[in-house]
Amino acid sequence: MYRTHTCGSLTKENVGTTVSLAGWVNRRRDHGGLIFIDLRDREGIVQAVFNPEISPAALKIAEQLRSEYVITLTGEVAKRPAGTENPRIPTGDVEVIVKEVEILNTSNTPPFYINEEIDVDENVRLKYRYLDLRRQRMKENLQLRHRVTKYMHDFLDARGFTEVETPTFIKSTPEGARDYLVPSRLHPGSFYALPQSPQQIKQLLMVGGLEKYYQLARCYRDEDLRADRQPEHTQLDVEMSFVTQEDVLQLLEELYFSLARAVKPDLKVIRPFPRLTYADVILRYASDKPDLRYGLEIADITNIAARTDFAVFKNAIASGGVVRVLAAPGCGEYSRHQLDELNQLAVSAGAKGLLTISLGSPGDKLSALSQEMIKSVAAKYLTLEQVKSIAKACGANPGDLLLIVAGEPDKIYPALDALRREIARRFNLADPSILNFAFIIDFPLIVLNRETGKWEAANNPFTHPKDEDISLLDTAPEKVHGKNYDLICNGMELGSGSIRIHRSELQKKILRILGYDDERIKLLFGHMLEAFDFGAPPHGGFGMGIDRTIMVLSGEQNIRDVVAFPKNQSAMDTMLGAPSPAAEEQLTELRLRLLEEE
RNA sequence: GGCCCCGUGGUGUAGCGGUCUAACAUGCCACCCUGUCACGGUGGAGAUCGGGGGUUCAAAUCCCCCCGGGGUCGCCA
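Computed from a prediction, not measured in an experiment: that's the story for all the values here.

Caption draft 1: Main features of the overall build of chain A. On a plain count of helices and strands, chain A comes out with 16 helices and 24 strands. Projected onto its principal axes, the C-alpha positions of chain A cover 90 × 75 × 55 Å. Looking at chain A as a whole, 48% of its 598 residues qualify as buried. Long-range contacts, defined here as pairs at least 24 residues apart, represent 67% of the contacts in chain A between residues at least 6 apart. As presented, chain A carries roughly 30,400 Å² of accessible surface, and 50% of it is formed by carbon and sulfur atoms. Between the averaged position of the 73 positive side-chain charges in chain A and that of its 84 negative side-chain charges there is a distance of 2 Å.

Set out below in structure tokens:
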């Protein structure tokens, strides 16, 4: 037996007892005749004392100990001598007087600090991920992750859900992301696809009468990586029969509200979660996942701009554009350089330009604004009244800076969103002690792809149209809203879901609008349509990103910090050295041959 | 593929044309030290400044190309 107790669990209660501990040498303090070791295991750290008067043999071994050596020791728990207690660690009242110690393994000098929370180059962290996982931050994130998934299992079990495992080798589908393919040895030339999500399969489970299904499902997408995107991620996948959108939203809210309370009781969560329509958030925040912890709302001033003599506005509006404004509080005295920075940000986000109007220095009321206080390249084209009404529209006051972007809606949203987030960042407006959940609802069901001129499913082709919009499918498909919803929190999309189509006629109709002919429909979706014709119940559900949920709960800005063994931005695992070339024999067996590089 | 940022001993930083034979902290090695807890003290090893080319009398420093990493757009729910 290596140990009777864990390091972090020792308290005054244990004083006088003999314990055995095992762990890593966190730090050694050698006083010559007396050596202190901070012994670390998963549960915490405790001080071990090597005293020549107790055990000269143990002291001898302690002299050889170095950072990250693995040891086991036996000794007596003692109250620390008065005045030597360490209030900074939970076990600081006691120490272990070592009688015996054994080195279970030595360690090379670690390539970075394990016992200090200093930022280390991520290359090095990922190459030695197993060492990085010993550090407090990663340990806490993984433990939080476990508590979250455990909570989800318990929550759904208590409500009658059945966990079902679905296959990871499935069929490639044309919709959505690029698939990861797995070559079939038994069927040369054919490939399985790894699931982007178990979407179709969970719907078929509903046809199968499961009624309440869930799974923590691994999902795969062969697309470029981002701070919140990995090639594989885990999703809480849920599907229910005989539910309305309201039923699903209630369940989701209950789950995430109680989850947050359970695992992060210090964070503030407001209930009920606001429900905002897609049209509303796009107008007010230029984003479908706005961070609602701060205001900085965007206002439409197309009508005001149309009456000015400013050619940029007039031209933009004439070609179907709009004009939107955002107030940057207290930025009225920004320097030329600072204004340039914001302009650059807007341009790099796709705007043609950024018009800034400085409202002078703070103090006065908006009604007291005078022409002299206004500084802008467009000042001579705008009347004082026009500037006032623009300022009023976005709630700006003297001392603020108006940020105005004009152009086609699709082109200026990214810029407005970037500006809004940048202003929030500069003034630390996003309170880290708040979890601001919200549902986004009433998405368009179908959108026109400008490049291809084709209709595309905004969510997925299985989303049920809102009942009152079904009649519009034939006349104005772009006006049809779907019964789908996103859950967002602090500027991050945690996941989405929908009520699905469960009747084959409607499903066929949607697929035809999306440009599939009957032959393709049969080929690609025949199994779904056939299943629907065997008494498919009405159903709906959601898929929530576990990784992103952990990010939001832990406050981590990068998905790699909530995953034990993530890929870097080039989708490589530098620890394992994956991906790697396949052996010639493997390729031959699969009847595969590599093309020459271009 | 485009744009932006970063690359200096193991780690984190400083240096941003000459005083760099590259500094500081920490880590590492050796010795000293019986109450420390980021122990302390003394000494020591450790970097061709990501790679290549160029400008210059002189390059870690300026320019170009490449490589690696990160962020982002495209892509992706």
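Caption draft 2: Layout of the packing of helix H5 (residues 199-207) against helix H14 (residues 518-532). Taken N-terminus to C-terminus, the directions of H5 and H14 make an angle of 20°; their axes are 10 Å apart at the nearest point. It follows from the interaxial angle that H5 and H14 lie roughly parallel. As H5 packs across H14, the resulting crossing turns out to be left-handed. For the pair formed by H5 and H14, the contact residues are Gln 200, Gln 203, Leu 204 and Val 207 on the first element and Phe 525, His 527, Met 528, Ala 531 and Phe 532 on the second. When grouped by side-chain class, the residues that make up the contact of H5 with H14 number six nonpolar, three polar and no charged.

Caption draft 3: The protein's contact with RNA strand B, seen in detail. Contacts to RNA strand B come from 50 residues, most closely from Asp 30, Thr 84, Arg 88, Glu 223 and Ala 458. In RNA strand B, atoms within 4 Å of the protein come 57% from sugar and phosphate. Separating a phosphate oxygen of RNA strand B from a backbone N or O atom of Asp 121 is a distance of 2.5 Å. Measuring from a sugar or linking oxygen of RNA strand B, one finds a side-chain N or O atom of Glu 223 at 2.3 Å. Looking at the surface near RNA strand B, the elements that each hand over two or more residues are strand E1 (18-30), strand E2 (35-41), helix H2 (122-127) and strand E23 (492-499).

Caption draft 4: Fine view of helix H13 (residues 504-513). Here H13 has its buried residues at Ser 504, Leu 506, Gln 507, Ile 510, Leu 511 and Ile 513. Lining the buried residues of H13 we find strand E20 (446-448), strand E21 (455-457) and H14.

Caption draft 5: Main features of the pattern of salt bridges. Inspection of the entire model under this criterion finds 43 salt bridges. Among the salt bridges present, the one from Arg 145 reaches Asp 547, with a minimum N-O distance of 3.0 Å. With Arg 145 in helix H4 (residues 136-158) and Asp 547 in helix H15 (residues 546-554), this pair connects stretches of sequence that are 402 residues apart. With a relative accessible area of 3%, Asp 547 lands in the buried category. Connected through salt bridges with shared partners, the residues Arg 125, Arg 129, Asp 132, Arg 135, Arg 137, Glu 556 and Asp 561 form a single ionic network.

Caption draft 6: View of the environment of Gly 75. By the secondary structure assignment, Gly 75 is in strand E4 (residues 70-79). Exposure remark for Gly 75: the relative accessible area of 0% places this residue in the buried category. Taking the C-alpha atoms as reference points, Gly 75 and Gln 200, separated by 125 residues in sequence, lie 59 Å from one another.

Rules used throughout
Residue indices begin from 1 for each chain and proceed along its sequence in written order. Numbering of ligands from 1 and lettering of chains from A proceed in the order in which they are written. Residue-level local features of this predicted model are given only where pLDDT is at least 70; pairs of side-chain atoms are given and counted only at 80 or more, and the full residue set underlies all totals for whole chains, interfaces and linings. Each side-chain value is derived from all of the structure's non-hydrogen atoms; neither hydrogens nor water enter the calculation. Secondary structure counts use DSSP, requiring at least four H or I residues in a row for a helix and at least two E residues in a row for a strand, with both numbered from the N terminus. Any residue under 20% of the maximum accessible area for its type is buried, any over 50% is exposed, and the rest in between are partly exposed; the area is computed with a 1.4 Å probe on protein chains only. What makes two residues a contact is simply this: any of their non-hydrogen atoms within 4.5 Å. Only the protein chains shown count as cover for residues, and the accessible areas themselves come from Shrake-Rupley with a 1.4 Å probe. None of His or the chain ends enter the tally, which takes Lys and Arg as positive and Asp and Glu as negative. Taken as the charge centre is NZ of Lys, CZ of Arg, CG of Asp or CD of Glu, depending on the residue. Fitted lines through C-alpha atoms serve as axes, helices being fitted only where they are in contact, and the angles separating the N-to-C directions of these axes extend from 0 to 180 degrees. Geometric relationships in this document are graded by angle, where less than 35 degrees denotes roughly parallel, more than 145 denotes roughly antiparallel, 65 to 115 denotes roughly perpendicular, and other angles denote oblique. If you view the pair so one helix is near and one far, a crossing is left-handed when the near helix is turned anticlockwise from the far one by less than a right angle, and right-handed when it is turned clockwise. Ten residues, namely Ala, Val, Leu, Ile, Met, Phe, Trp, Tyr, Cys and Pro, are considered nonpolar, four, namely Asp, Glu, Lys and Arg, are considered charged, and the remaining ones, Gly among them, are considered polar. The criterion for a residue being near a molecule or strand is simple. One of its heavy atoms has to lie within 4 Å of it. Pairs of N or O atoms are called polar contacts if they sit within 3.5 Å, as long as, within protein, a hydrogen donor faces a hydrogen acceptor (for residues adjacent in sequence, only side-chain-to-side-chain pairs). The term salt bridge refers to a side-chain nitrogen of Lys or Arg lying within 4 Å of a carboxyl oxygen of Asp or Glu.

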